[in-house]
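Letter by letter, the chains look like this.
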Amino acid sequence: MPAASTTLRMLAVSVIASLTVTGCQTFEDAGVAMGRSELVNDLAARLDRALELTYSADYQLPGGQSAAIVQAQDPARSAYIYPGGRVTVTPEAITRCTTTGNRPQCTLVAPPTPGSKPTVTLFGEANRQGLVTPPVVVGLLSAAALDPQAVIKQSDTTVAGHHATCATVQSSSGDFTACVTTEGVLGSFTGPVDGKPMELALSHYSTTVDTSAFDPPAGAGVVDRRPGGS
């Protein structure tokens, strides 16, 4: 199972544990907590299961820009493609590329240790460029579920022809709406991430992938910073 899968599951479990071990609370409070934990657990579980699928998801960003998430299995590989760059994770390397210049530039570093947790910094540039990644969405939902002042509402919608469950959150740290499809793919997101307004929506979903998405862009300059790399 991919390391990211374990991390998302642990996030969901920790939220439920925090919500249920509350000491003294009224039945009304317990009902609110249970509703929050069930919604967070359901959405986190969907995102978790999706990490074990092979799929490609295209997203529409503001200003006519686009992004994509591509995953494949055996071996587990993932690519996050966003305006100006991409990050790819394979058993051989983590590859970060910038594509804003005349020639794409990529840096290879050592891959995650099998079974280790991915760090938030792995997806930092993707998030800054408008591609809100699933681990970030789980983190935002988890924080909202633990906020007793937050209002969390559930709704259903259709995104790119796929049914999705949405959580709309109103809290002091920022209001947002996140939708996750039945398959477990992030369907849409609107709201602030690290204080920056973000918006994306699924435009196309496929269970087939172009494996070239896991390779550096054609003609890219490559710097190998892996131990023993050149």
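Keep in mind that what you see is a predicted model, and the values were worked out from it rather than measured.

Cut-offs used in this document
Chains are numbered independently. Their residues run from 1 in the order of the written sequence. Given that the model is predicted, a residue must reach a pLDDT of at least 70 before its local features are reported, and side-chain atom pairs must reach 80 or more before they are shown or counted; all residues, however, enter totals for whole chains, interfaces and linings. By convention in this description, side-chain values take in all heavy atoms of the structure and omit both hydrogens and water. Helix and strand assignments come from DSSP, with helices taken as H or I runs of at least 4 residues and strands as E runs of at least 2, each series counted from the N terminus. By definition, two strands form a pair when at least two bridges between them are found by DSSP. Simply put, an axis is a line fit to the C-alpha atoms, just over the touching stretch for a helix, and the angle between two N-to-C directions goes from 0 to 180 degrees. Pairs of residues are marked as contacts when any of their non-hydrogen atoms sit within 4.5 Å. Each residue is placed in one exposure class: buried if its accessible area under a 1.4 Å probe, protein chains only, is under 20% of its type's maximum, exposed if it is over 50%, and partly exposed if it falls in between. We define the nonpolar core as a collection of buried residues of types Ala, Val, Leu, Ile, Met, Phe, Trp, Tyr and Cys that are connected through side-chain atoms lying within 4.5 Å of one another. The rule for a disulfide is simple: a pair of cysteine sulfur atoms within 2.5 Å.

**Remarks on the environment of F123**
Then step 1. With respect to the helices and strands, the residue F123 is situated in the loop between β6 (105–109) and α3 (124–128).
Then step 2. In the structure, F123 is positioned 37 residues away from R86 in sequence and 9.7 Å away in space, judged by C-alpha atoms.

**Observations regarding the sheet that holds strand β11 (residues 196–206)**
Then step 1. Across the sheet, which stays open at both edges, the 12 strands sit in the order β7-β8-β9-β10-β11-β1-β2-β3-β4-β5-β6-β12 with mixed pairing between neighbours. Only two strands of the sheet have a single partner each, and these edge strands are β7 (151–159) and β12 (221–224). In this sheet, neighbouring strand axes are inclined to one another by 15° on average, regardless of whether the strands run parallel or antiparallel.
Then step 2. The strands touched by helix α4 (residues 134–145) within the sheet are β2 (66–72), β7, β8 (162–170), β9 (176–181) and β10 (186–193), with β10 carrying the most contacts at an inclination of about 60°.

**Thoughts on the pairing of β10**
Then step 1. Where burial is concerned, most of β10 is hidden: six out of the eight residues are buried.
Then step 2. With four bridges joining them, β9 and β10 adopt antiparallel strand pairing. The partner of C179 across the bridge, within β10, is S188.
Then step 3. Between the antiparallel neighbours β9 and β10 lie four residues, among them G184 with a positive phi of about 100°.
Then step 4. Bridging between β10 and β11 involves six bridges; their strand directions are antiparallel. Residue pairing across strands places T190 opposite E199, the latter belonging to β11.

**Points about the nonpolar core**
Then step 1. Membership of the largest hydrophobic core comes to 45 residues, with the highest contact counts inside it found for Y59, L131, V132, L141, F189 and L200.
Then step 2. Counting five residues, the second-largest nonpolar core is a separate cluster that includes V70, A72, A79 and F214.

**Focus on the state of the cysteines**
Then step 1. Enumeration according to the criterion identifies two disulfides in this entry.
Then step 2. What pairs with C97 in a disulfide is C106, and their sulfur atoms sit 2.1 Å apart. Around the S-S axis, the bridge from C97 to C106 shows a dihedral of about 110° and counts as right-handed.
Then step 3. Two residues, C166 and C179, share a disulfide whose sulfurs are 2.0 Å apart. What sets the handedness of the C166 and C179 disulfide is the S-S torsion sign, and at about 105° it is right-handed. Separated by 13 residues along the polypeptide, C166 in strand β8 and C179 in strand β9 bring together distant segments of the chain.

**Considering the pairing of β9**
Then step 1. Counting buried positions over the six residues of β9 gives five, a clear majority of the element.
Then step 2. As judged from the six bridges shared by β8 and β9, these two strands associate in the antiparallel manner. Looking across to β9, one finds that T165 is bridged to V180.
Then step 3. A loop of five residues connects β8 with β9, the two strands running antiparallel in sequence, and G174 in this loop sits at a positive phi of about 135°.

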